[in-house]
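Now for the letters of each chain:
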Amino acid sequence: MGPILLTGGAGYIGSHTGVELLNAGHDIVVFDNFSNSHPEVLDRVEQITGKSVHLVRGDIRHQAELEAAITTYNCQAVIHFACLKAVGESMERPLEYYENNVLGTLQVLQAMRATGVNTLLFSSSATVYGVPQYLPLKETHPLSATNPYARSKLIIEDILRDLHRANPEWRIGILRYFNPVGAHESGLIGEDPLGVPNNLMPFIAQVAVGRRNTLQIWGRDYPTPDGTGIRDYLHVVDLAIGHLRALQHLDTPQCLSLNLGTGTGYSVLEIVHAFEKSSGKTIPYEFAPRRTGDVASCYADPSLALAVLGWKAERTLERMCEDTWRWQHHNIHGYRS
Ligand code: NAD
Ligand code: WQD
């Protein structure tokens, strides 16, 4: 296969996927506006793989920039990561989220159509299941959204299904990620949120390294064994490998939705204790009220991805914590260290 265009390829999941693609012999073109990432990440990807990355600085809301990138490098497939992803911010700034995520994706699809590329992996999210009606979540669970970020993902999924109905020759993989955490084992790339982290693992890592004092645990009265929320955390390298497998599977026309998760849920307190063990640091925490919109438990039934792709998340919670810690303490201020 020819080069692969990674929109948002400088971000957390895109950079780890880039490493796996390069290691598997693919050429990659990163298309990013660096609104939530740092160009340094691409030097690190090159350092890890010993291969070079093509970079196009551009915005997915501009179709002409996307078309130029695809034709210049003769890209044969697109992995579309670029997106705004903060749930709370999406409730305050819904129009920015719909513009960047939905309009941006329409430009990506139109640029693909104009250049004759019809192989696409799309970063969806477990958030499209809304409030779980049963667990573990299967791909056939009803879809709904409880905030603009989630709704932008659901709208895009619907657009992709419509596109495939109208043009069945398209090859589309909709990948619903659960909670990606961890970092590359080299400690050279990892998650580097701007400002106060919204997500649990990067917040814990910043407490461990001394950037923040105390973790607030949102809710201790959920109907779970220890009262804290349960999620399906998966190692970002396992997730990246899932993209490689999914791309290999897109050798025939289809529109397939797949859960990428481990199938195992851990509570907030279990994550805190696992991180303490891996890092040797104490994580001071206090309980705070539930965060609006949070559900008690959410975890995947990942059996379809195993059946269809032969993919299964292999890395343990211990690895997720060790690798997060290695990245964070070698890069206390992330790529700006
Ligand atoms: P990220 O913010 O680290 O990466 C996204 C990248 O897209 C960034 O490099 C950003 O600069 C770029 N970008 C954003 N808007 C752009 C635009 N208009 N034009 C060009 N580039 C743009 O996020 P991530 O965690 O790597 O997430 C990647 C994808 O996975 C997103 O679509 C996200 O919604 C999805 N996802 C993430 C999680 C998670 O917890 N991290 C969970 C489920 C799904
Ligand atoms: C995990 C658990 C919190 C921070 C979000 C998005 C979802 C997806 C992944 C993109 C919950 C608790 C957290 C903190 C805490 N993203 N927590 N204190 O909410 O499962 O999913 O990221 O698609 O759409 O909603 O992940 O890491 O924010 O929270 O107690 O400081 O940790 O309440 O139980 P979440 P998270």
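Structure's up top.
Given the structure is predicted, the values throughout are model-derived calculations rather than measurements. (Residues numbered from 1 in each chain as written. Chains lettered and ligands numbered in written order. Predicted model: local features only at pLDDT ≥ 70, side-chain atom pairs only at ≥ 80, totals over all residues. Heavy atoms only, no water.)

Draft legend 1. Summary view of the packing of helix α7 (residues 200-208) against helix α9 (residues 268-279). The N-to-C vectors of α7 and α9 enclose an angle of 40°; their axes lie 11 Å apart at closest approach. Comparing the axis directions of α7 and α9 gives the class oblique. For the pair α7 and α9, the sense of crossing is right-handed. Counted together, L200, M201, I204, A205 and A208 of α7 and V268, I271, V272 and F275 of α9 form the full contact between these two elements. Across the contact of α7 with α9, the residue classes tally to 9 nonpolar, no polar and no charged. (Axes fitted to C-alpha atoms, helices over the stretch in contact; angles between N-to-C directions. Helix = DSSP H or I, 4+ residues; strand = E, 2+ residues; numbered from the N terminus. Parallel < 35°, antiparallel > 145°, perpendicular 65-115°, else oblique. Left-handed = near helix turned anticlockwise from the far one by under 90°. Contact = heavy atoms within 4.5 Å. Nonpolar A, V, L, I, M, F, W, Y, C, P; charged D, E, K, R; others polar.)

Draft legend 2. Looking closely at the site of ligand 1. Every one of the 28 residues lining ligand 1 counts as a neighbour, but D32, N36, S37, K85 and Y149 are closest to it. Protein chains shield 95% of the accessible area of ligand 1, which is 830 Å² for the free molecule. Those elements giving two or more residues to the shell around ligand 1 turn out to be α1 (12-23), β5 (119-125) and α6 (148-166). Counting residues per element, the shell around ligand 1 draws most heavily on β5, at 3 residues. Here the shell around ligand 1 is built from residues that sort into 12 nonpolar, 11 polar and 5 charged. (Near = heavy atom within 4 Å. Areas by Shrake-Rupley, 256 points an atom, 1.4 Å probe, with all protein chains shown as cover.)

Draft legend 3. Up close: the site of ligand 2. Around ligand 2, the surrounding shell holds 18 residues, and the nearest of these are S125, Y149, Q216, R231 and D294. Between an oxygen atom of ligand 2 and a main-chain N or O atom of L200, the distance comes to 2.8 Å. Between an oxygen atom of ligand 2 and a main-chain N or O atom of W218, the distance comes to 2.9 Å. Here the shell around ligand 2 gets 4 residues from one element, more than from any other, and that element is strand β8 (residues 215-218). A breakdown of the residues in the shell around ligand 2 according to their chemical character gives 8 nonpolar, 7 polar and 3 charged. (Polar contact = N/O pair within 3.5 Å; in protein donor to acceptor, adjacent residues only side chain to side chain.)

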